[in-house]
Amino acid sequence: SHACADDIIHLLSRPLRTASSYSLGNYLVWFESVIRKETGCVTYLVGADGGDCAVFDPLWDIEPYLEVARRRSSKIRCIIDSHSHADHVSGARRL
């Protein structure tokens, strides 16, 4: 059984740290940041091992998100742009 996106989004109400894992019922839920060193832009993924994951404010280069999802055996199900991005072009449509 896989964690659903609603379970993952619910996790956001808890304090999170970069590259952390939390237990949510039967699931190991994780949080990981992706940082673009050239600009300092930070984006985030949250998901459950072997389940769904969400990407927040993705950068144009989507490979880091695909790599994290592969490594975590998760499938990207949600892409969330929380605001318009003056500092980068969103990769949401590419994901």
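Residues numbered from 1 in each chain as written. Predicted model: local features only at pLDDT ≥ 70, side-chain atom pairs only at ≥ 80, totals over all residues. Heavy atoms only, no water.

## What to know about the pairing of strand β1 (residues 20-24)
Consideration 1: Burial along β1 is one-sided: the face carrying Ser-20, Tyr-22 and Leu-24 is buried and the face carrying Ser-21 and Ser-23 is not.
Consideration 2: Strand direction decides the pairing type here: β1 and strand β2 (residues 27-36), joined by five bridges, are antiparallel. In the sheet register, Ser-23 faces β2, and the bridge partner there is Leu-28.
Consideration 3: In textbook terms, the turn of a hairpin is the stretch between consecutive antiparallel strands, and for β1 and β2 this stretch comprises two residues, one of which, Gly-25, has a positive phi near 65°. (Buried < 20%, exposed > 50% of the residue type's maximum accessible area, 1.4 Å probe, protein only. Helix = DSSP H or I, 4+ residues; strand = E, 2+ residues; numbered from the N terminus. Pairing = 2+ DSSP bridges.)

## Topic: the pattern of salt bridges
Consideration 1: Here the structure, examined in full by the defined rule, presents five salt bridges.
Consideration 2: The partner of Glu-32 in a salt bridge is Arg-71, and the shortest N-O contact between them spans 2.7 Å. Here the residue Glu-32 occupies a position in strand β2, and Arg-71 occupies one in helix α2 (residues 63-71), the gap between them amounting to 39 residues.
Consideration 3: You can call Arg-71 partly exposed: its relative accessible area is 44%.
Consideration 4: Here Glu-32 makes a salt bridge to Arg-72, at a shortest N to O gap of 3.2 Å. In this pair, Glu-32 is assigned in strand β2 and Arg-72 in the loop between α2 and β5 (75-80), connecting sequence segments 40 residues apart. For the pair shown, Glu-32 and Arg-72 are each scored as buried. (Salt bridge = Lys/Arg side-chain N within 4 Å of Asp/Glu carboxyl O.)

## Section: the nonpolar core
Consideration 1: Counting residues in each nonpolar core, the largest one holds 12 residues, listed as Trp-30, Val-34, Cys-41, Leu-45, Cys-53, Val-55, Leu-59, Ile-62, Tyr-65, Val-68, Ala-69 and Ile-76.
Consideration 2: Element by element, the count of residues in this core is highest for α2, at three residues.
Consideration 3: Ignoring any residue separated from it by four or fewer positions in sequence, one finds Val-34 in contact with Cys-41, Val-42, Thr-43, Leu-45, Pro-64 and Tyr-65. (Core = buried A, V, L, I, M, F, W, Y, C linked by side-chain atoms within 4.5 Å. Contact = heavy atoms within 4.5 Å.)

## Here's the deal with the confidence of the model for the protein
Consideration 1: The predicted model of the protein has a mean per-residue pLDDT of 77, with 75% of residues at 70 or higher.
Consideration 2: Within the protein, helix α1 (residues 5-11) has the poorest average pLDDT of any element, 57, and strand β4 (residues 52-56) the best, 93.
Consideration 3: Low pLDDT, under 50, characterises residues 13-17; the stretch is placed with eight contacts to residues that sit more than four places away or in other chains. (pLDDT = per-residue confidence, 0-100.)

## Some words on the pairing of β4
Consideration 1: Burial of β4 is extensive: five of the five residues sit out of reach of the surface.
Consideration 2: Here β4 shows a buried face lined by Asp-52, Ala-54 and Phe-56 and a second buried face lined by Cys-53 and Val-55.
Consideration 3: Sheet topology places strand β3 (residues 41-48) next to β4; four bridges connect them, and they run antiparallel. Residue pairing for β4: Leu-45 is matched across the bridge by Val-55.
Consideration 4: If you look at the hairpin formed by β3 and β4, you'll find three residues sitting between the two strands, and Gly-50 has a positive phi there, around 75°.
Consideration 5: Note that β4 and β5 share five bridges and pair parallel. Paired with Cys-53 across the bridge in β5 is Ile-76.
Consideration 6: At this point the chain moves from β4, through α2, to the parallel β5, and the crossover so formed is right-handed. (Right-handed = clockwise from strand over helix to strand, strands pointing away.)

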